[in-house]
Amino acid sequence: MTVTTISQSRCFGGIQGIYSHESSETHCTMRFGAFLPPQASKGRVPLLYWLSGLTCTEENFVVKAGAQRVAAELGLAVIVPDTSPRGLNISGESDTYDFGLGAGFYVDATEAPWSRGYRMYSYVVKELPSIVAASFAVDSSRAGIFGHSMGGHGAITIALKNPQDYKSVSAFAPISSPMRCPWGEKALTGYLGNDRKRWREYDSTALLDDQGWGGPPLLIDQGSKDPFLDTQLKPELLREACERCSVPLTFSMREGYDHSYFFIATFIDEHLRFHAQHL
């Protein structure tokens, strides 16, 4: 697989790059960000996958989260994929912000026409790690995953379904139960159809109830002033599921913080250090 360099910049002694490649999962050109810390020049380093939320590209986290300084200190690579395929030119994919472009929801679509390339689950879990391992000085046996909002949902469900691949997982303001919120119901109906039983494999609370938890401790931060707190995110549903399934959860309600990258930037250092402890 040929990886094309879009840009590279020196950053805290490491390299922040943007790259592209042709994807066999999404059937289009995909872009991703990769921060390689200075330690990568001497050997393979552990890595984190960051999954972004609705409307984002690979660029939002790279330029807004402020993760590179502490990632460089800790010797962590950070890989940031896009949030959906782009360039498939499916009718209606740009009509709304919460479905289609920028809203892949980290599922493998089964409904036409989305099944043609909206396969962000397999892209993140299978294709992207193989490309990263072949292209950069990373140790894939020491990988963690985290994300925000839609990406928080993606990170938790992916870690639940692939505990052998991720040694750490955390989230900022995750969509706790897509089956029980408007964003999730719209996306899962469009991508997977009307059979709600098929939705369970992409819902953190349902996965916990169905299979339990065999992974590492879970860290979640949530802002108390998040405008989506009660209608879309519903963290109490995930907290209740973790309690039922004896999941080691650290949950922090951050007073006065909203859903923005200002919230993420404030607490990103704590998440990076949390992951470093496990990686």
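Everything below is about the structure shown above.
Let us look at the structure shown here. These figures come from a predicted structure and were not determined experimentally. Per chain, residue numbering runs from 1 following the sequence as it is written. Residue-level local features of this predicted model are given only where pLDDT is at least 70; pairs of side-chain atoms are given and counted only at 80 or more, and the full residue set underlies all totals for whole chains, interfaces and linings. Heavy atoms throughout the structure, all of them, feed into the side-chain values; hydrogens and water do not.

Quick notes on the sheet that holds strand E2 (residues 14-22)
At step 1: Think of it this way: DSSP has to see at least two bridges between two strands before they count as a pair. Secondary structure is summarised from DSSP: a helix means a run of H or I of at least four residues, a strand means a run of E of at least two, and numbering begins at the N terminus for each. Spatially, the nine strands line up as an open sheet ordered E1-E2-E3-E5-E4-E6-E7-E8-E9, and their pairing is mixed. Two strands lie at the open edges of the sheet, namely strand E1 (4-11) and strand E9 (249-254), each paired on one side alone. Each strand of the sheet is rotated relative to its neighbour by a mean of 20 degrees, with strand direction disregarded.
At step 2: The pairing of strand E4 (residues 45-51) with strand E5 (residues 77-81) spans three bridges and is parallel. Its bridge partner being in E5, Leu 48 is matched across the sheet by Val 78.
At step 3: Note on contacts: a residue pair qualifies if any of its non-hydrogen atoms lie within 4.5 Å across the two residues. Only the stretch in contact is used when fitting a helix axis, every axis being a line fitted to C-alpha atoms; angles between N-to-C directions are given from 0 to 180 degrees. Packing of helix H4 (residues 150-161) onto the sheet brings it into contact with E4, strand E6 (138-148), strand E7 (168-172) and strand E8 (218-223), and relative to E6 it is tilted by some 140 degrees.
At step 4: Sheet contacts for helix H8 (residues 235-244): E8 and E9; angle to E9, the most-contacted strand, approximately 160 degrees.

Overview of a negative patch on the surface
At step 1: A cluster of acidic residues, Asp 230, Glu 236, Glu 240 and Glu 243, forms a negative patch on the protein surface.
At step 2: Sort the elements by how many residues they give to the negative patch and H8 lands first, with three residues. Residues qualify for a patch when their relative accessible area is over 30% and they have no salt bridge, like charges being joined within 9 Å and the nonpolar side chains of Val, Leu, Ile, Met, Phe, Trp and Tyr within 5 Å. Each accessible area is a Shrake-Rupley estimate made with a 1.4 Å probe; only the visible protein chains count as cover when residues are assessed. Think of a salt bridge as a Lys or Arg side-chain nitrogen and an Asp or Glu carboxyl oxygen that are within 4 Å of each other. Charge assignment in this entry is limited to Lys and Arg as positive and Asp and Glu as negative, and neither His nor the chain termini are counted. Each charge is placed at NZ for Lys, CZ for Arg, CG for Asp and CD for Glu.

A closer look at the packing of aromatic side chains
At step 1: Between 30 and 60 degrees the pair is tilted, below 30 it is stacked and above 60 it is edge-to-face, where a pair is any two Phe, Tyr or Trp rings, Trp via its six-membered ring, whose centres lie within 6.5 Å. The full count for this structure, using the stated rule, is 18 aromatic pairs.
At step 2: Between Phe 172 and Phe 263 the ring centres are 5.6 Å apart and the planes differ by 85 degrees, which places this aromatic pair in the edge-to-face class. Of the two residues, Phe 172 is situated in strand E7 and Phe 263 in helix H9 (residues 261-278); the sequence distance between them amounts to 91 residues.
At step 3: Throughout, exposure labels follow a simple rule: accessible area from a 1.4 Å probe, protein chains only, divided by the maximum for the residue type, with under 20% read as buried, over 50% as exposed, and the rest as partly exposed. Since its relative accessible area comes to 0%, Phe 263 is described here as buried.
At step 4: Aromatic side chains Trp 183 and Phe 228 sit 4.7 Å apart centroid to centroid with 50 degrees between the ring planes, which places their arrangement in the tilted category. Residue Trp 183 is located in helix H5 (residues 182-192), and its partner Phe 228 is located in the loop between E8 and helix H7 (229-233); the two are separated by 45 residues in the primary sequence.
At step 5: Given the relative accessible area of 28%, Phe 228 is considered partly exposed.
At step 6: One aromatic cluster in this structure is built from Trp 50, Phe 61, Phe 146, Phe 172, Tyr 257, Phe 263 and Phe 267.

Quick word on H4
At step 1: Expected span of a helix, by definition, is 1.5 Å for each gap between consecutive residues, and there is one gap fewer than residues. With twelve residues, H4 should reach 16 Å at 1.5 Å per residue; the first-to-last C-alpha distance of 17 Å fits that figure.
At step 2: Most of H4 is tucked away, with eleven of its twelve residues classed as buried.
At step 3: Met 150, Gly 151, Gly 152, His 153, Gly 154, Ala 155, Ile 156, Thr 157, Ile 158, Ala 159 and Leu 160 are the residues of H4 that are buried.

Concerning the nonpolar core
At step 1: The biggest cluster of nonpolar side chains holds 93 residues, and the ones touching the most others in it are Phe 32, Tyr 49, Phe 61, Phe 105, Val 132, Ile 145 and Tyr 191.
At step 2: Looking at which element gives the most residues to this core, the answer is helix H3 (residues 120-135), with eight residues.
At step 3: When sequence neighbours within four positions are dropped, the list of residues in contact with Phe 61 reads Trp 50, Ser 52, Gly 66, Ala 67, Val 78, Val 80, Phe 146, Tyr 261 and Ile 268. Only buried Ala, Val, Leu, Ile, Met, Phe, Trp, Tyr and Cys residues count toward a nonpolar core, and they belong to the same one when joined by side-chain atoms within 4.5 Å.

Description of the packing of H4 against helix H6 (residues 204-211)
At step 1: The N-to-C vectors of H4 and H6 enclose an angle of 15 degrees; their axes lie 9 Å apart at closest approach. The angle between H4 and H6 places the two elements in the roughly parallel class. For the element pair H4 and H6, the recorded crossing hand is left-handed. Every residue of H6 that contacts H4 at His 153, Ile 156, Thr 157, Leu 160 and Lys 161 is listed here: Ser 204, Leu 207, Leu 208 and Gln 211.
At step 2: We call Asp, Glu, Lys and Arg charged. Ala, Val, Leu, Ile, Met, Phe, Trp, Tyr, Cys and Pro are nonpolar, and the rest, Gly among them, are polar. Residues of the contact of H4 with H6, tallied by class, amount to four nonpolar, four polar and one charged. Throughout, the term roughly parallel applies to angles under 35 degrees, roughly antiparallel to angles over 145, roughly perpendicular to angles from 65 to 115, and oblique to all others. What makes a crossing left-handed is the near helix being turned counterclockwise from the far one by less than a right angle; a clockwise turn instead makes it right-handed.

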